[in-house]
Amino acid sequence: VKTLGRNSFQFFDPEMQSSAQERLEVEKGLHQALKNNEFELWFQPQVDSHDQILGAEALLRWRHPDTGIIMPGNFIQIAEESGQIVEIGNWVLLQAFKQLASWREQGLPESFKRLAINISPLQFMQVDFVDRVLQMLDQTKIPGLLIELEITENMLLNNFEIAGNKMKLLKKRGISFAIDDFGTGYSSLRYLHYLPLDILKIDRSFVTGLCPSSELAAIVEVIIATADRLNLTVIAEGVETLSERSALMELGCNCFQGYLFSKPINATLFYQKLQAANKT
Ligand code: C2E
Ligand code: CA
Ligand code: CA
Ligand code: CA
């Protein structure tokens, strides 16, 4: 992030180490963003093997007044480190529920099962996280069955028990849980059976270039077999080609998310797509 002047900055490579000054600029920007309503949720379809849309993942976008759309890779980590992710994450939850409520009013096809929402470690660990989610469900009158929360492996490791308890409380209201980016964290297969998970998302790094005879396929096969035994639904992330899709199907995975089907799109476009795809 490079400072250009008051309230204005440019974003470079997200991997680039940013200076303390640059971080401060982003933090200030995020503060403004919350105040000025600069965040948006986009939606990426999750489809089955018949291209029916089963659900969507809500993905955060920051529409900056000077620089336009800023991707989460450029600010989520800074927000996590500054603590701002808690407030941002609460905005995401409420916005997602409100969007869902509005779609329900317009009519949701029965094939649409769930809206997935990313939860940051810091947000999940707040003492009032469960109460807040339940309160927002009540406020928007959304059935918990329509909600899936995506959490990552790393946030679970030190907090098995606390995490499990929170999950159980939310599951009582019908909310389901997905383990995100599976296979990329400090993986411990142990938590898979300790925690009340429903869905396992195979990370894009296992999907890119996948073909049935490869060594990668051997790993994916084990992941899918393990998930099956544990009664977890598997969703493959980052599916970009037909051959990746067919390799995944051959290995027993029938839920997909990726550019092959759709990039993340705004709420209006998503609803149109949903109507069109699920007509038959
Ligand atoms: P994620 O949760 O793993 O989300 C999937 C990311 O992969 C999204 O990037 C999506 O646009 C991208 N993607 C989907 N299909 C494909 C594909 O076929 N090819 C490629 N190359 N990429 C694909 P996005 O939207 O930039 O989000 C990046 C990350 O930012 C997310 O990764 C998630 O960790 C985080 N994030 C996004 N929204 C939120 C949010 O509301 N709260 C929190 N805490 N984190 C969020
Ligand atoms: Ca995710
Ligand atoms: Ca992911
Ligand atoms: Ca990822």
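See the structure above.
Residues numbered from 1 in each chain as written. Chains lettered and ligands numbered in written order. Predicted model: local features only at pLDDT ≥ 70, side-chain atom pairs only at ≥ 80, totals over all residues. Heavy atoms only, no water.

*Asks:* Looking at this structure, I do not really get the overall build of the protein chain. What am I missing?
*Replies:* Helix and strand counts for the protein chain come out as 11 helices and 11 strands. Taken over the C-alpha trace, the protein chain has a radius of gyration of 19 Å; the compact-globule value for 280 residues is 19 Å, and the two agree within 12%. Taken along the three principal axes of its C-alpha coordinates, the protein chain extends 55 × 45 × 40 Å. Here the contacts in the protein chain between residues at least 6 apart in sequence split such that 67% fall between residues at least 24 apart. Accessible area of the protein chain: about 13,900 Å², with a carbon and sulfur share of 51%. Considering the protein chain, the positive charge centre built from 26 side chains and the negative charge centre built from 34 side chains are found 6 Å apart. (Helix = DSSP H or I, 4+ residues; strand = E, 2+ residues; numbered from the N terminus. Rg over C-alpha atoms; globule rule 2.2 N^0.38 Å. Contact = heavy atoms within 4.5 Å. Areas by Shrake-Rupley, 256 points an atom, 1.4 Å probe, with all protein chains shown as cover. Lys, Arg positive; Asp, Glu negative; His and termini not counted. Charge placed at Lys NZ, Arg CZ, Asp CG, Glu CD.)

*Asks:* Honestly, the coordination of the calcium ion (ligand 2) in this entry has me stumped. Any pointers?
*Replies:* Around the calcium ion (ligand 2), the protein supplies Glu57 (OE), Asn118 (OD1), Glu150 (OE) and Asp180 (OD) as donor atoms, at distances of 2.1 to 2.3 Å. Sequence positions of the residues that donate to the calcium ion (ligand 2) give the spacing E-x60-N-x31-E-x29-D. Separation of the calcium ion (ligand 2) from the calcium ion (ligand 3) amounts to 3.8 Å, with Asp180 serving as a shared donor to the pair. A residue pair is termed long-range when its members are at least 10 positions apart, and Glu57 in strand E4 (residues 53-64) and Glu150 in strand E7 (residues 147-152) qualify at 93 residues. The residues Glu57 and Glu150 share a single accessibility class, namely buried. (Donors = N, O, S within 2.8 Å, 3.2 Å for Na, K, Ca; no water. Buried < 20%, exposed > 50% of the residue type's maximum accessible area, 1.4 Å probe, protein only.)

*Asks:* Sorry, what's going on with the site of ligand 1 here?
*Replies:* Taken together, 21 residues surround ligand 1, and among them Gln44, Arg61, Asp180, Glu240 and Tyr259 come closest. The separation between an oxygen atom of ligand 1 and a polar side-chain atom of Asn118 is 3.1 Å. One nitrogen or oxygen atom from the side chain of Asp181 is found 3.2 Å from an oxygen atom belonging to ligand 1. Within the complex, the protein chains bury 82% of what would otherwise be the 800 Å² of accessible surface of ligand 1. Listing elements by their share of the shell around ligand 1, those giving two or more residues are E4 and strand E8 (176-182). If one sorts the elements of the shell around ligand 1 by residue count, E4 sits on top with four residues. Split into classes, the residues belonging to the shell around ligand 1 amount to nine nonpolar, five polar and seven charged. (Near = heavy atom within 4 Å. Polar contact = N/O pair within 3.5 Å; in protein donor to acceptor, adjacent residues only side chain to side chain. Nonpolar A, V, L, I, M, F, W, Y, C, P; charged D, E, K, R; others polar.)

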